[in-house]
Amino acid sequence: MINIDVLVAGCHTRCKHCYVNGGPGPWMPLEDALLCIEKLDILAQYLPDEVTFTLDHEPMAHPDIVQILDATTHTRWIQNYHHGMTTGVGLIHRKDKRAVIEAYMNGGYRSFGITIHGSPAHHDEMVRRKGAYESAIAAAEYLKAQGADVEVSLMLNRYFTQDQASMTAMLETLQPNCVAFVIPIFTPHRHMLDFEPYRASIETVQSLRGAWEEWRQDGEQVEGRARQNTIAAGIERLRSMTDLKELFVQPQEEQYFTLHQDCQLYVGNSGAETRCLGDLRHINLEQTAELIKALPGNRDYGAFYDLEALPSRDMLIRALEGLPQHMIYGDFESVIYRGLEELRTPTRILE
Ligand code: SF4
């Protein structure tokens, strides 16, 4: 599977947990966006695997998103993968809101998601924009009124204990179609260390026992997952391994690419670009397809580490021992990346 992140616009927020280096940025001119969609379709024709592209970061921030979405419905070889998440800020301030939602629905997309980080004040703090909570909720209400399905992702942080009542009230009023509970992972991106002081601990999750039913979650499953992915549990698992490299040499089937607003095409997911393949408007697409076919998979961030430069398992364990042991990461790999980052730039985490 191949996916190409197409960044037609930047975001209105600067989320502390952002693992794709999002944030405010320029728009891709409409003419370029339409040409690039055509070029991606031709490129996909030369590739053997299923190829999708994702209009990523905040497509609703693009002034011409309606025309761009219309163009995505005319591709033959490549499909637009709509992840559906939005901050709501772009949508709610547009005059053509109805046309934007219609354009998504004409493309077969009727599900949208917002992420909530706690009470209004804590949400705004986390995404570094005043009024962002209000916009997210207003956008979700607007989407529901237009007949779209709305999912709310509750992204765990240490404020959840004190914000439980506010979040329950929000869900009761909004009545989304679905509620997800998300434990943020750690990835080697520039914003990630900013999120660390807000990371939840196992005690945070245990304090939410009264909320699971109202938040439509299987509390036992969430607690189990959280327990398995603390720093302490990660160290235990590392002790049972003989060689750290084992984790980094697993074959990866999926390939990720990113197209920036200036039409430069890169190998690697947004925020983890490793090589520029050139300006999509002008490169030879057949040759680029041959080059892509020869590249290894890069779904997991482990693909970006230099195996020869990896520390020993014991050094990594020592770095992890210096971190708060009860902090929860989304998975074991995320614990490892956090430890590697700690070796590179030691940080102090507020408990
Ligand atoms: S998390 Fe999403 S909305 Fe937030 S800065 Fe990153 S790309 Fe933008």
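In this text, all values refer to a predicted model and were calculated from it rather than measured experimentally. In this convention, every chain numbers its residues from 1, walking through the sequence in written order. Totals for whole chains, interfaces and linings use every residue, but because this is a predicted model, local features are given only for residues with pLDDT of at least 70 and side-chain atom pairs only at 80 or more, for both listing and counting. Only hydrogens and water are removed before side-chain values are computed, so all heavy atoms of the structure are retained for them.

Q: Which residues make up the overall build of the protein chain, and what are the values?
A: A run of DSSP states H or I qualifies as a helix once it reaches four residues; a run of E qualifies as a strand once it reaches two. Both are numbered from the N-terminal end. When its secondary structure is counted, the protein chain shows 14 helices and nine strands. The globule rule is 2.2 Å times the number of residues to the power 0.38, and the radius of gyration it is compared with is taken over C-alpha atoms. Taking 2.2 N^0.38 as the reference for a compact globule, 351 residues should give roughly 20 Å; the C-alpha atoms of the protein chain span a radius of gyration of 21 Å, in line with that estimate. Relative accessible area decides the class of each residue, using a 1.4 Å probe on protein chains only: under 20% of the type maximum gives buried, over 50% gives exposed, and in between gives partly exposed. A burial count over the protein chain gives 56% of its 351 residues as buried. For the protein chain, long-range pairs separated by at least 24 residues make up 77% of all intrachain contacts whose partners lie at least 6 apart in sequence. Here the open area of atoms and residues is found with the Shrake-Rupley method and a 1.4 Å probe, where only the protein chains shown may cover a residue. A total accessible area of about 15,800 Å² is found for the protein chain, and carbon and sulfur atoms account for 48% of it. Contact between two residues is taken to exist if any of their heavy atoms lie within 4.5 Å; hydrogens are not considered.

Q: Help me get a handle on the sheet that holds strand β5 (residues 149-155), residues and values and all.
A: By the convention used here, strands pair only if DSSP detects at least 2 bridges between them. As summarised here, the arrangement of the three strands in space is β4-β5-β6, forming an open sheet in which the pairing is parallel. Taken across any chain shown, the strands that pair with only one partner, and hence form the sheet edges, are β4 (111-116) and β6 (178-182). The average undirected angle you get between the axes of adjacent strands in this sheet is 25°. As paired strands, β4 and β5 are joined by six bridges and run parallel to one another. Bridge pairing links Ile114 to Val152 in β5. A fitted line through C-alpha atoms represents every axis, and for helices the fit uses only the stretch in contact; the resulting angles, taken between N-to-C directions, go from 0 to 180 degrees.

Q: Residue-level account of the domain arrangement of the protein chain, with values.
A: Just so you know, the domain bounds were taken from an automatic or database domain assignment. For the protein chain, the domain assignment lists domain 1 (2-200 + 252-304) and domain 2 (201-250 + 305-343). On a C-alpha basis, the centroid separation for the pair domain 1 and domain 2 is 26 Å. Taken together, the 32 residues of domain 1 in the interface contact 30 residues of domain 2. The rule for a salt bridge is simple: a side-chain nitrogen of Lys or Arg has to be within 4 Å of a carboxyl oxygen of Asp or Glu. Where domain 1 packs against domain 2, one counts one salt bridge. Of the charged contacts in the structure, one is a salt bridge between Glu196 and Arg338, with a shortest N-O distance of 3.1 Å. Under the rule applied, a polar contact is a pair of N or O atoms within 3.5 Å (in protein, one hydrogen donor and one hydrogen acceptor; residues adjacent in sequence only if both atoms are side-chain atoms). At the junction of domain 1 with domain 2, the criterion picks out 13 residue pairs in polar contact (both at pLDDT 80 or more). Sorting the residues of the side of domain 1 that touches domain 2 by element identifies α7 (160-174) and β6 as the ones contributing at least two each. Among the elements that take part in the side of domain 1 that touches domain 2, α7 stands out by supplying six residues, more than any other. Following the grouping adopted for this structure description, the nonpolar residues are Ala, Val, Leu, Ile, Met, Phe, Trp, Tyr, Cys and Pro, the charged ones are Asp, Glu, Lys and Arg, and the polar ones are all others, Gly among them. Of the residues assigned to the side of domain 1 that touches domain 2, the class counts are 20 nonpolar, eight polar and four charged.

Q: Help me get a handle on helix α11 (residues 231-239), residues and values and all.
A: Those residues of α11 lying buried are Ile231, Gly234, Ile235 and Leu238. Buried residues of α11, viewed axially, fall in a sector of 100°; they line one side. Of the surrounding elements, those touching the buried residues of α11 are α13 (313-321) and α14 (332-344). Each direction from the helix axis to a C-beta atom contributes to the arc, which is the arc of those directions.

Q: Residues and numbers for the pattern of salt bridges, please.
A: Scanning the model with the defined rule gives 16 salt bridges in all. For the salt bridge of Asp279 with Arg281, the shortest nitrogen-to-oxygen distance reads 2.5 Å. The class for Arg281 is partly exposed, based on a relative accessible area of 23%. Between Asp314 and Arg313 there is a salt bridge, and its shortest N-O distance comes to 3.4 Å. By sharing partners, the salt bridges in this structure join Glu196, Arg199, Arg338 and Glu342 into a single network.

Q: Which residues make up empty space enclosed by the protein, and what values do they have?
A: Think of a 1 Å grid over the protein atoms and nothing else: a 1.4 Å probe that fits but is trapped marks a cavity, an open set flanked by protein within 12 Å on at least five of seven lines marks a pocket, and residues with an atom within 4 Å of a point count as lining. Grid points are joined across faces, edges and corners, and a volume is the space filled by probe spheres set on the points. Scanning the entire structure with this criterion turns up one cavity of 30 Å³ or more. Leu55, Pro59, His82, Gly84 and Tyr104 are the residues nearest the centre of the largest cavity, which is lined by 14 residues in total.

Q: Let's hear about the layout of surface pockets: which residues, and what values?
A: Roughly 150 Å³ of internal volume is contained in the second largest pocket. As for the second largest pocket, its lining consists of Pro188, Tyr305, Asp306, Ala309, Leu310, Pro311, Leu340, Glu341, Leu343 and Arg344.

Q: Now, about the environment of Pro48: what can you tell me, with residues and values included?
A: Position of Pro48 relative to the elements: it lies in the loop between α1 (30-45) and β2 (51-55). For the pair Pro48 and Met85, spaced 37 residues apart in sequence, the C-alpha to C-alpha distance is 29 Å.

Q: I'd like to hear about the nonpolar core, residue by residue, with values.
A: Counting residues in hydrophobic clusters, the biggest one holds 73 residues, and the most contacted among them are Ile4, Leu154, Phe181 and Trp215. Here the element with the most residues in this core is helix α6 (residues 132-145); it accounts for seven residues. Looking at this core, you find at least three residues from each of domain 1 (2-200 + 252-304) and domain 2 (201-250 + 305-343). The contacts of Phe181, once residues within four sequence positions are left out, are Leu154, Leu156, Phe160, Leu208, Trp212, Trp215, Gln217 and Val222. Residues Tyr301, Tyr329, Val335 and Tyr337 belong to the second largest nonpolar core, which totals 23 residues. Working definition of a nonpolar core: buried Ala, Val, Leu, Ile, Met, Phe, Trp, Tyr and Cys residues. They are joined through side-chain atoms within 4.5 Å.

Q: Just give me the short version of α1, but keep the residues and values in it.
A: Residues spaced three or four apart along an α-helix point in a common direction, a consequence of the helix completing one turn every 3.6 residues. The end-to-end C-alpha distance of α1 is 23 Å, a good match for the 22 Å that 16 residues give at a rise of 1.5 Å each. Every buried residue belonging to α1 is among Asp32, Ala33, Cys36, Ile37, Lys39, Leu40, Asp41, Leu43 and Ala44, and all of these are buried. In this fold, the buried residues of α1 make contact with β1 (2-6), β2, α2 (65-72), β7 (255-259), β8 (264-267) and α12 (285-294). By definition here, a helix of n residues has an expected span of 1.5 Å times n minus one.

Q: Tell me about the packing of aromatic side chains, residues and numbers included.
A: In this analysis, rings of Phe, Tyr and Trp, with Trp reduced to its six-membered ring, are considered paired at centre separations within 6.5 Å, and the interplanar angle assigns stacked below 30 degrees, edge-to-face beyond 60, and tilted for intermediate values. Counted according to the given criterion, the structure contains ten aromatic pairs. With a centroid separation of 6.4 Å and 85° between ring planes, the pair formed by Trp212 and Trp215 is classed as edge-to-face. Considered together, Trp212 and Trp215 belong to a single accessibility category, that of buried residues. Centroid distance Tyr305 to Tyr337: 5.6 Å. Interplanar angle 15°. Geometry classified as stacked. Taken together, the positions of Tyr305 in the loop between α12 and α13 and Tyr337 in helix α14 put the pair 32 residues apart, joining distant regions of the chain. Given the relative accessible area of 5%, Tyr337 is considered buried. It is Lys97 that lies over the ring of Tyr142; its NZ or CZ is 5.7 Å from the centre. To sit over a ring, a charge needs its Lys NZ or Arg CZ within 6 Å of the ring centre and within 35 degrees of the ring normal. When the ring centre of Tyr329 is taken as origin, the NZ or CZ atom of Arg199, which lies over that ring, is 3.9 Å away.

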